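Coordinate analysis (summary)
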Amino acid sequence: MNYIQELKAYHPRNAQEEADREMILSYIETFPDTILTRENRFAHMTAASMIFNENRDRVLMIYHNIFRSWSWTGGHADGDTDMLYVAEKEAKEETGIRHLRVLKAEPGKYPMAAVDVLPVWGHVKRGKYVSAHLHLNLSYLFEADEAEALHIKEDENSQVGWIPVARLREKVTEPDMIPVYEKLISLGKNIKRNHTDQQYKTAIQNSCKIQENTGNSTKSVLLR
């Protein structure tokens, strides 16, 4: 799935998305050779996920080591043109979740759920200073099973857990990210749950049986 085609086909939901979509397309045109890589130190493409439980009352999040806040999952494109793949890969790496089902805000459309230009302040990562820059972010929605085992990704997060939607504002300490998360949560809540996806459910059940048999432990929390 080509990110440019997906972005051009996307219908912005508000003025913010309209402006950010146009800005991202402009950056792509200006920096065609580096926009997908961190070689572009001004701005580069990223993909992120909001992962729901079946009841849509909890979201799977990580406690980010750099931002010191509960955060969505996501990461850099690093040359990949398929942002859905990037979002899913990062979600699995950062949480240990093995099975994700894509949720489409609009049936038949591309799965992209939101577009945002996100500022990243200067910070130290792996002992190296990273100057302030922009993440040109495409977001996706997924569903996962709360029974699946989770684990942290030590170089990026220190906790993984299912956060009650009602406690999001309490747990997220990045004020600028709360509207971004709430926009996605609102979308996810309005997507009809698909109870007929038997292949997905069978995979989850088998995964849980394997975890029980092997005694896998988790480094996760379930907040109430």
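Before going into details, it helps to say that this report is about the structure given with it. (Residues numbered from 1 in each chain as written. Predicted model: local features only at pLDDT ≥ 70, side-chain atom pairs only at ≥ 80, totals over all residues. Heavy atoms only, no water.)

1. Brief notes about the pattern of salt bridges
Counted only if it meets this: We define a salt bridge as a contact between a side-chain nitrogen of Lys or Arg and a carboxyl oxygen of Asp or Glu at a distance within 4 Å. Each helix is a run of DSSP H or I of at least 4 residues and each strand a run of E of at least 2, with the numbering of both proceeding from the N terminus. Burial classes: relative accessible area under 20% of the type maximum marks a residue as buried, over 50% as exposed, and values in between as partly exposed (1.4 Å probe, protein chains only).
In this structure the tally under the stated criterion is 15 salt bridges. Lys 183 is the salt-bridge partner of Glu 17, the closest N and O atoms lying 2.9 Å from each other. Linking Glu 17 in helix α2 (residues 15-30) with Lys 183 in helix α5 (residues 178-189), this pair joins segments that are 166 residues apart in sequence. The pair Glu 17 / Lys 183 is uniform in exposure class, with both members buried. Linking Glu 170 and Arg 167 is a salt bridge whose minimum nitrogen-to-oxygen distance equals 2.6 Å. One connected set of salt bridges, linked through shared partners, spans Glu 17, Asp 116 and Lys 183.

2. Looking at the nonpolar core
Let me state the cut-off plainly: Take the buried residues of types Ala, Val, Leu, Ile, Met, Phe, Trp, Tyr and Cys, join any two whose side-chain atoms come within 4.5 Å, and each joined set is a nonpolar core. Whether two residues are in contact is decided by their heavy atoms, any of which lying within 4.5 Å being enough.
Ranked by size, the top nonpolar core spans 34 residues in total, and within it Met 45, Met 83, Leu 138 and Tyr 140 carry the most contacts. Of all the secondary-structure elements, those providing two or more residues to this core are α1 (3-9), α2, β1 (43-52), β2 (58-64), α3 (83-95), β6 (114-120), β9 (133-143) and β10 (157-164). Residue contributions to this core peak at five residues, all from α3. Excluding residues that lie within four positions of it along the chain, Met 83 makes contacts with Tyr 3, Leu 36, Met 45, Thr 46, Ala 47, Ala 77, Leu 138 and Tyr 140. Of all hydrophobic cores here, the second largest spans 24 residues; its members include Trp 70, Leu 141, Ile 163 and Ile 178.

3. Considerations on the side chain of Ser 139
Put simply, the rule is: Identification of polar contacts relies on pairs of N or O atoms within 3.5 Å, with a donor-acceptor requirement for protein atoms, meaning one able to donate a hydrogen and the other able to accept it, and with residues adjacent in sequence counted only if both atoms are side-chain atoms.
When you line up the elements, Ser 139 lands in strand β9. One polar contact links Ser 139 to Asn 137, side chain to side chain, over a distance of 3.0 Å. In contact with Ser 139, other than residues within four places in its own chain, are Ala 48, Trp 72, Met 112, Ala 113, Ala 114, Asp 116 and Leu 184.

4. Section: the pairing of β9
Short version of the rule: Strand pairing is defined by DSSP finding a minimum of two bridges between the two strands.
Across the 11 residues of β9, 10 count as buried, placing the element largely inside the fold. Pairing of β1 with β9 involves 10 bridges; the strand directions are parallel. Each residue of the ladder has a partner; that of His 44, found in β9, is His 135. Summarising the sheet, strand β5 (residues 101-103) and β9 pair through three bridges and their orientation is antiparallel. The residue of β9 that forms the bridge with Arg 101 is Glu 143. As paired strands, β6 and β9 are joined by seven bridges and run antiparallel to one another. Bridging from a neighbouring strand, Ala 114 pairs with Ser 139 of β9.

5. With respect to the environment of Ala 48
Within the secondary structure layout, Ala 48 lies in strand β1. Along the sequence, Ala 48 and Glu 88 sit 40 residues apart, while their C-alpha atoms lie 8.2 Å from each other. In this structure, Ala 48 is in contact with Trp 72, Thr 73, Gly 74, Ala 87, Asn 137, Leu 138, Ser 139 and Tyr 140, ignoring residues within four places of it in sequence.

6. Let's talk about the environment of Leu 168
Topologically, Leu 168 is positioned in helix α4 (residues 168-171). For the pair formed by Leu 168 and Arg 58, sequence separation is 110 residues and the distance between their alpha carbons is 9.3 Å. For Leu 168, the contacting residues outside a window of four places in its chain are Met 61, Tyr 181, Glu 182 and Ile 185.

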